[in-house]
Amino acid sequence: LPMASTTKIMTALCAVELAEPSRVISVSPKAVGVEGSSVYLYAEEELTLEQLLYALLLESANDAATAIAIALSGSVEAFADCMNDKARELGLQDTHFENPHGLDHEQHYTTAHDLALITRAALQHPILRAIVATRKTNIPLNGTQGVRTLLNHNKLLRMYDGTIGVKTGFTKRSGRCLVSAAEREGLTLIAV
């Protein structure tokens, strides 16, 4: 099935395996104005990978996903190849990526089981575990004194004791998607 923005779990996983969170990324003009959810990045704006990951995972920013992909792999297509390589490495049989944001494409699909395996791998990275559990944070606004306030769309963080994330998603084709995880007394469970 299509997975909408839950795609961004794999985007984030690949990103932290390709670069240090402190790496400064100059936003490609090709990442500006990508359809759907956005933090309204500016061409040539400089942000760290970590700041872009917050935009990616809290605000579900498609422009951040595209900026990360182009900066780390040279193009959206090359980054999708990295995502598919990681899917094979994780032993996923029913997943294929065409982009880093999850906008609809016939060849962009997964299963609930595969998404759970992607999430398990992502949560092993302390930085990703911390980001998806964050309710609200700020990142810079194009080198000015202003900031962008990022709010996590995952209501479970406020409603369910022990929730540690992970990611919501929606397109008309996919409908509402949710990957969630909670931890209590040392046991972490993932639900897709």
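An account of the accompanying structure is given in this report. (Residues numbered from 1 in each chain as written. Predicted model: local features only at pLDDT ≥ 70, side-chain atom pairs only at ≥ 80, totals over all residues. Heavy atoms only, no water.)

### A short note on the side chain of Arg148
1) Next: Counting through the fold element by element, Arg148 comes out in strand 4 (residues 147-151).
2) Next: A relative accessible area of 7% means that Arg148 is categorised as buried.
3) Next: A polar atom in the side chain of Arg148 sits 2.7 Å from the backbone oxygen of Pro140.
4) Next: Among all residues touching Arg148, those that are not within four sequence positions of it are Val39, Tyr40, Leu41, Tyr42, Glu45, Leu47, Thr137, Asn138, Ile139, Pro140, Leu141 and Asn142. (Helix = DSSP H or I, 4+ residues; strand = E, 2+ residues; numbered from the N terminus. Buried < 20%, exposed > 50% of the residue type's maximum accessible area, 1.4 Å probe, protein only. Polar contact = N/O pair within 3.5 Å; in protein donor to acceptor, adjacent residues only side chain to side chain. Contact = heavy atoms within 4.5 Å.)

### Side note on empty space enclosed by the protein
1) Next: Under the definition given, this model contains one cavity of 30 Å³ or more.
2) Next: One number sums up the size of the largest cavity: a volume of about 40 Å³.
3) Next: Lining the largest cavity are Ile9, Ala12, Leu57, Ala122, Leu123, Leu128, Val132 and Val166.
4) Next: For the lining of the largest cavity, the secondary structure elements donating two or more residues are helix 1 (8-18) and helix 6 (126-132).
5) Next: Of the residues assigned to the lining of the largest cavity, the class counts are eight nonpolar, no polar and no charged. (1 Å grid on protein atoms, 1.4 Å probe; cavity = no way out; pocket = protein on both sides within 12 Å on 5 of 7 lines; lining within 4 Å. Points joined across faces, edges and corners; volume = space filled by probe spheres on them. Nonpolar A, V, L, I, M, F, W, Y, C, P; charged D, E, K, R; others polar.)

### Considerations on the sheet that holds strand 5 (residues 163-171)
1) Next: Spatially, three strands are ordered 5-6-7 in an open sheet, and the strand pairing comes out antiparallel. Each of the sheet's edge strands pairs with one partner strand only, and the pair in question is strand 5 and strand 7 (187-191). Averaged over all adjacent pairs, the angle separating strand axes in this sheet is 5°, with direction ignored.
2) Next: With five bridges joining them, strand 6 (residues 175-184) and strand 7 adopt antiparallel strand pairing. By the bridge assignment for strand 7, Glu183 is matched with Thr188.
3) Next: Running at roughly 140° to strand 7, helix 5 (residues 112-122) makes contact with strand 5, strand 6 and strand 7 of the sheet. (Pairing = 2+ DSSP bridges. Axes fitted to C-alpha atoms, helices over the stretch in contact; angles between N-to-C directions.)

### What about the pairing of strand 5?
1) Next: When you tally the buried positions in strand 5, you get seven out of nine residues, the bulk of the element.
2) Next: Strand direction decides the pairing type here: strand 5 and strand 6, joined by eight bridges, are antiparallel. Residue pairing for strand 6: Gly165 is matched across the bridge by Ala181.
3) Next: Linking strand 5 back to strand 6 in an antiparallel pair, the connection comprises three residues.

### Concerning the pattern of salt bridges
1) Next: Applying the stated criterion across every chain, the model contains seven salt bridges.
2) Next: In this structure, Glu89 and Lys86 form a salt bridge, with 2.8 Å as the shortest nitrogen-oxygen distance. Taken together, the positions of Glu89 and Lys86, both in helix 4 (residues 76-89) and three residues apart, correspond to about one turn of that helix.
3) Next: For Glu89, a relative accessible area of 59% puts it in the exposed group. (Salt bridge = Lys/Arg side-chain N within 4 Å of Asp/Glu carboxyl O.)

### Topic: the side chain of Lys8
1) Next: Secondary-structure assignment places Lys8 in helix 1.
2) Next: Here the side chain of Lys8 touches Ser60 through a polar contact of 2.9 Å, landing on its backbone oxygen.
3) Next: Apart from the residues lying within four places of it in its own chain, the contact partners of Lys8 are Leu56, Leu57, Ser60, Ala61, Asn62, Ala65, Pro100, His101 and Lys167.

### Remarks on the packing of helix 3 (residues 62-73) against helix 4
1) Next: Relative to each other, helix 3 and helix 4 sit at 85°, their axes nearing to 8 Å. In terms of axis orientation, helix 3 runs roughly perpendicular to helix 4. Between helix 3, through Thr66, Ile68, Ala69, Ile70 and Ser73, and helix 4, the contact on the second element is made entirely by Val76, Ala78, Phe79 and Cys82.
2) Next: Its residues assigned to classes, the contact of helix 3 with helix 4 comprises seven nonpolar, two polar and no charged. (Parallel < 35°, antiparallel > 145°, perpendicular 65-115°, else oblique.)

### A short note on the layout of surface pockets
1) Next: One number sums up the size of the largest pocket: a volume of about 390 Å³.
2) Next: Along the wall of the largest pocket there are 22 residues; nearest its centre are Ser5, Thr168, Gly169, Phe170 and Arg176.
3) Next: Elements supplying a minimum of two residues to the lining of the largest pocket: strand 5 and strand 6.
4) Next: By residue number, the principal contributor to the lining of the largest pocket is strand 5, which donates five residues.
5) Next: In terms of residue class, the lining of the largest pocket is made up of five nonpolar, 11 polar and six charged.

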